[in-house]
Amino acid sequence: MAEALFDQVGSEEVIPAPAARRLAGGFTVDRELPMAHLEITQLSKRYGAFVALDGIELAVDEGEFLVLLGPSGCGKTTLLRAIAGLDRQDEGRIVHAGRDISRLPPGQRDYGIVFQSYALFPNLSVADNVAYGLQHGRSDRRLIRQRVEEMLELVGLPGTQAKYPAQLSGGQQQRIALARALATAPDLLLLDEPLSALDAIERVRLRGEIRALQTRLGVTTIMVTHDQEEALAMADRIVVMQRGRIQQIGAPRDIYRQPGNDFVADFIGRGNLLVAERVGPHHARSGDLLLRTGAELPAASTARFYVRPEDIRLHDTLDQGENTFYGHVLKCEFLGPYSLVTLRAPTADGRPLVAQFSSNYLCGREIRPGALLRLGIPAEHLQALPEAA
Amino acid sequence: MILSLPLRWCADGERLPGRLLLVAAAALALFLVLPLLALLIGSVRDDEGAFSLLRFAEFAATPGMATAAWNTLWVAALVTALTVPLAFLYAYAIQRACLPLRGLWRLIGLSALLGPSLVGAIAFIQWFGTQGVLKAWLGGASVYGPVGIVMATVYAAFPHALMILVVALATADGRLYEAADALGASRWRRFRTVTLPAAKYGLISAALVVFAYSVSEFGIPKVIGGNFPVLAVEVYVQVVGQHNFGRGAIVALLLLLPVLFAFAIDTWVQRRQQASLTARAVPYQPRPDRRRDLPLLLYCLLLATAMLGVLGMAMYTSLVRFWPYNLELTLDHYIYGLAEAGVLAAWQNSLKIAALTALIGTPLVFFTAWLLERTPARPAALATAVRAMAALPMGVPGLVLGIGYILFFNSPDNPLNGLYHTLTIMVVATVVHFYTPCHLTAVTALKSLDREFEAVSASLKVSRFVTLWRVTLPVCLPAVLEIARYLFINAMTTVSALVFLYSSETLPAAVAILNLDEAGELGPAAAMATLIVLTSALISLVYSLLTHLLLRRHQAWRNFQR
Ligand SMILES: Nc1ncnc2c1ncn2[C@@H]1O[C@H](COP(=O)(O)OP(=O)(O)OP(=O)(O)O)[C@@H](O)[C@H]1O
Ligand SMILES: [Mg+2]
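Report on the accompanying structure. (Residues numbered from 1 in each chain as written. Chains lettered and ligands numbered in written order. Predicted model: local features only at pLDDT ≥ 70, side-chain atom pairs only at ≥ 80, totals over all residues. Heavy atoms only, no water.)

### Section: the overall build of chain B
(1) Moving on: Counting its regular elements, chain B contains 23 helices and two strands.
(2) Moving on: Dimensions of chain B, computed from C-alpha atoms along their principal axes, come out at roughly 75 × 70 × 45 Å.
(3) Moving on: Counting across all 562 residues of chain B, residues that qualify as buried make up 54%.
(4) Moving on: Once local pairs closer than 6 in sequence are excluded, the contacts in chain B between residues at least 24 apart make up 79%.
(5) Moving on: Total accessible area computed for chain B in this model is approximately 25,200 Å², and 67% of it derives from carbon and sulfur atoms. (Helix = DSSP H or I, 4+ residues; strand = E, 2+ residues; numbered from the N terminus. Buried < 20%, exposed > 50% of the residue type's maximum accessible area, 1.4 Å probe, protein only. Contact = heavy atoms within 4.5 Å. Areas by Shrake-Rupley, 256 points an atom, 1.4 Å probe, with all protein chains shown as cover.)

### Structural notes on the interface of chain A and chain B
(1) Moving on: With 29 residues of chain A at the contact, the number on the chain B side is 26 residues.
(2) Moving on: Here chain A and chain B share an interface that buries about 2,500 Å² over both sides, 62% of which is from carbon and sulfur atoms.
(3) Moving on: If you sort the residues of chain A by the area they bury against chain B, Asn123, Tyr132 and His136 of chain A come out on top, with a joint share of 24%.
(4) Moving on: Where chain A packs against chain B, one counts one salt bridge.
(5) Moving on: One salt bridge in this structure joins Arg81 of chain A and Glu452 of chain B, with 3.2 Å as the shortest N-O distance.
(6) Moving on: On inspection of chain A and its partner chain B, the count reaches seven residue pairs in polar contact (both at pLDDT 80 or more).
(7) Moving on: Class assignment of the residues belonging to the side of chain A that touches chain B gives a composition of 15 nonpolar, nine polar and five charged. (Buried area = accessible area lost by both parts, 1.4 Å probe. Salt bridge = Lys/Arg side-chain N within 4 Å of Asp/Glu carboxyl O. Polar contact = N/O pair within 3.5 Å; in protein donor to acceptor, adjacent residues only side chain to side chain. Nonpolar A, V, L, I, M, F, W, Y, C, P; charged D, E, K, R; others polar.)

### A word on the packing of aromatic side chains
One pair of aromatic rings is described through two measures. These are the centre distance and the angle between the planes.
(1) Moving on: According to the stated counting rule, one finds 16 aromatic pairs over all chains in the structure shown.
(2) Moving on: Centre to centre, the rings of Phe124 of chain B and Phe128 of chain B are 6.0 Å apart; their planes meet at 20 degrees, and the pair counts as stacked. Remark: Phe128 of chain B and Phe124 of chain B occur in helix α5 (residues 118–128); sequence separation between them is four residues, near one turn of the helix.
(3) Moving on: Overall, the relative accessible area of 9% leaves Phe124 of chain B in the buried class.
(4) Moving on: Ring pairs connect the aromatic residues Phe31, Tyr405, Phe408 and Phe409 of chain B, which therefore count as one cluster.
(5) Moving on: Sitting over the face of the ring of Tyr326 of chain A, Arg374 of chain A holds its NZ or CZ atom 4.4 Å from the ring centroid. (Phe/Tyr/Trp six-rings, centres within 6.5 Å; stacked < 30°, edge-to-face > 60°. Lys NZ or Arg CZ within 6 Å of the ring centre and 35° of its normal.)

### Some remarks on the site of ligand 1
Residue and element names in this part refer to chain A.
(1) Moving on: Inspection of the region around ligand 1 gives Tyr47, Phe50, Ala52, Ser72, Gly73, Cys74, Gly75, Lys76, Thr77, Thr78, Glu193 and His226 as its neighbouring residues.
(2) Moving on: A distance of 3.4 Å is found between a nitrogen atom of ligand 1 and a side-chain nitrogen or oxygen belonging to Tyr47.
(3) Moving on: At the level of elements, β2 (50–60) and α3 (76–84) are the ones that each hand at least two residues to the shell around ligand 1.
(4) Moving on: At three residues, the largest contribution of residues to the shell around ligand 1 is made by α3.
(5) Moving on: Each residue belonging to the shell around ligand 1 can be placed in one class, and the counts come to four nonpolar, six polar and two charged. (Near = heavy atom within 4 Å.)

### Comments concerning the nonpolar core
(1) Moving on: Grouped together as the largest cluster of nonpolar side chains are 212 residues, with contacts concentrated most on Leu79 and Ile222 of chain A together with Tyr90 and Tyr405 of chain B.
(2) Moving on: The biggest single contributor to this core is helix α6 (residues 146–170) of chain B, with 13 residues.
(3) Moving on: Filtering out sequence-adjacent residues up to four positions away, Tyr90 of chain B remains in contact with Trp105, Ile108, Gly109, Phe158, Leu162, Tyr299, Cys300, Leu303, Ala304 and Met307 of chain B.
(4) Moving on: With 47 residues, the next largest nonpolar core counts Ala127, Ala131, Leu178 and Val240 of chain A among its residues. (Core = buried A, V, L, I, M, F, W, Y, C linked by side-chain atoms within 4.5 Å.)

### Examining empty space enclosed by the protein
Residue and element names in this part refer to chain B.
(1) Moving on: Applying the stated criterion to the full structure yields three cavities of 30 Å³ or more.
(2) Moving on: Taken as a whole, the largest cavity spans an internal volume of roughly 90 Å³.
(3) Moving on: In terms of lining residues, the largest cavity is bounded by Asn71, Thr72, Val75, Ile149, Thr153, Ser214, Val215, Glu217, Pro221, Val230, Leu231 and Ala232.
(4) Moving on: Elements represented by at least two residues in the lining of the largest cavity include exactly α3 (65–96), α6, α8 (187–216) and α10 (231–241).
(5) Moving on: Considering only residue class, the lining of the largest cavity consists of seven nonpolar, four polar and one charged. (1 Å grid on protein atoms, 1.4 Å probe; cavity = no way out; pocket = protein on both sides within 12 Å on 5 of 7 lines; lining within 4 Å. Points joined across faces, edges and corners; volume = space filled by probe spheres on them.)

### A closer look at the pattern of salt bridges
All names here are of chain B.
(1) Moving on: For the coordinates displayed, the defined rule picks out 27 salt bridges over all chains.
(2) Moving on: Between Asp293 and Arg292 there is a salt bridge, with the nearest N and O atoms lying 2.8 Å from each other. Considered together, Asp293 and Arg292 belong to a single accessibility category, that of buried residues.
(3) Moving on: We note a salt bridge from Glu454 to Arg374, for which the minimum N-O separation is 2.9 Å.

### Structural notes on a nonpolar patch on the surface
Residues and elements named next belong to chain B.
(1) Moving on: Together, Tyr316, Leu319, Leu327, Leu329, Leu331, Ile335 and Tyr336 give the surface a local cluster of nonpolar side chains, amounting to about 650 Å² of exposed area.
(2) Moving on: At the level of elements, α12 (290–319), β2 (326–329) and α13 (332–340) are the ones that each hand at least two residues to the nonpolar patch.
(3) Moving on: Examined against the element boundaries, Ile335 turns out to sit in helix α13.
(4) Moving on: Since its relative accessible area comes to 38%, Ile335 is described here as partly exposed. (Patch = residues over 30% accessible without salt bridge, like charges linked within 9 Å, V, L, I, M, F, W, Y side chains within 5 Å.)

### Some thoughts on unusual backbone geometry
(1) Moving on: Unusually for a residue other than glycine, Gln42 of chain A sits at a positive phi of about 50 degrees.
(2) Moving on: Here Gln42 of chain A shows up in strand β1 (residues 38–47).
(3) Moving on: The phi dihedral of His243 of chain B falls on the positive side, at around 50 degrees, and the residue is not glycine.
(4) Moving on: Overall, His243 of chain B belongs to the exposed group, its relative accessible area being 56%.

Take a look at the structure:
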């Protein structure tokens, strides 16, 4: 069986055996270790007095697609480069597949990396770029050629061997960079904002392709991005970072629905912060609004809710159901598939609410500034945020 | 073994760049810093070697020194005030007007670089000297003195200023001009509010370079200066004429200070420039405009004629029997003046020095810049030290370096004493003397590569030395060739450092001109200058062909670059 696989990828000499096995989809073979595939403990990094990474704890499972998400300068790249061994951490341990790699130079770790700039070698053909990590000593040319062909097939650019990077579009260049990183069948794939230099359409297309490729190869992947939509669309789990610290780790749905703190709530998607006074285990009052909540409220006297714009519903003008209220339209932005409506509602602090109504929900009805709307927030969408830090 | 490069990725490869950088640092310290220190120390010691400021007192008391210092300063100021506007307008015409044959104007503008600075001095003597055809133009003033010095120095410094200003005017943001046009700004206002501010740093830089050039140039005042005393000639007289190294050191130090000062200012100014051109700038494309182009074309024509007149006169002098009495064309100056007199060996020496300087200097400069820019060579303090040493030669006049070399290598205590007077030390001195511009060229080229090439190689387990060979070097090839050409031509034409280091066997061509002139042999001197100019021109031509062919044949990928 194993031999058949080797024949299939034709890479006995070029690729280390375990990697070849995984490449062929056989990554379930020997996995008894209870430890995570990549485990980071208490990782810290300072630049002078500035703390770039502060006690990072992270465990990545084998075959997982993990996304590091956060605002510019939060330390995503620093973390990725520490994993790659390109910028050494000051403290902390990194264990990869049971091996402590904390102090190892990059060449002794086992990963492939793709940068935002692609970093393709401009003077080498596509084939030479992809084969760059394969040409060691007397490795067989035929095998290398075969491997390059295979990789180009994999990224959807067969037949481009003889071209130079400058002859390719940005998206194509990024695919070649990916092929180059994957050609040596690394155990870990690191991507630093791989899509941010592309235009919007290409970005969406390529992110689907990368994710499909990753699922197919089963290679453990860590990607850095500051685009939350990209993170939500691609990740198995998202790590939200701010100022060198991890704020929350979780599946995209959980991060979006149950943000762990104000920063995460604010950073992922739009939202309205409602401050209310607890009046019962399931009831809170904010200004003129009496709200029933789905989950039981914590004991504290004030509760804070984070309401997503799409969770605000439009009701019939005379509807008197629970959690309904009137709102004055201040502004309406039509954005194609949906409209964003800014409303004044009788909340405690009088801060305007932002609601999002999908266009087919509105059925072509137009919402004008000054109009009075009957709105509601379903009880199950009122989840109290933890206390502000 | 330090120098066996690991080709497959290995842990040792991590420490190797640091060690190699240490070697580079040691070399620069030995051949740049220590000689300068020897100069400093030499100036504060008396004849017994004890500390004393005696030499300074002695120097201050020497009659005529104050005059020489003052002359040096005002001549340099005047040269700067003339050269920079002349070069600016010329550069403006090349870059911002629609002139026919732009390449030709540029070539002629830079032509003075092909020969030693003495070419101008010789030619101006022929045009305006006692027997000069245009003597009347000076209205009774003698060319032997400040007038000749200023004219010849302006001629020699012009291309240095032009190079800087052409670059400064090349990188204009077209959007600003469109904005100015849209606002209906007048021609003059547009020039004042858009062009000048954008070229400000280039102008400052050019002014400082020309000033430093004039202060440290001594071949010109030596040949055309008559009895007009300037500091640079004073150094030469003290050291070469009277073997008074101590006094020479003092004067050299005096020259070093203003030049170092000028370059310190320049470095500071350039650092502030970074942000002036954003990545989104649109290159400015001049549109034809008669009212601007015609006067500028006339201006270029005038200046180009003058420059060709200077170069041509030097060449013509080498071909006529005896200017201006016997204008019969002859090769006598070459045959009897140079070959038979045994001076032609000087030309061969220069060829050797220039070839060696290019062959040794280019890899040295490029590799050191690579270690600095593309490897994590630790410790950081070492990299900082090497950067500082690489920037230093720009602020050290050649003759200061030369005297430093004498004091350091000629000292009987120095184990490297044997190097003195050899071709080796002359090559080393030349590499060091022209190190900074080459270093800057290499650094610029290396910086323009993607930051992550080395990181990618490491992830693919490919040694950084393999990546240097397979990627970095091929991509930087134009810069490497440019460095080689620059080193060759400057080694061919330089006088200042070498004049203190040669022996009768290693006499270089440019110094031979000085000696021939001193002996009153203007014809052979002109012949030697012509030989140098022709050699440099030939090398430039070969360089152009080589780059063209090489880039065409082996670097197909460049054709696709956008
Ligand atoms: N070499 C360095 N020296 C000093 N500070 C640094 C250095 N590298 C990074 N930093 C700082 O560390 C912080 C984290 O940088 P990092 O590159 O990891 O941010 P990032 O999250 O990747 O941001 P971006 O989205 O902009 O890429 C930044 O504030 C940055 O200024
Ligand atoms: Mg980053």
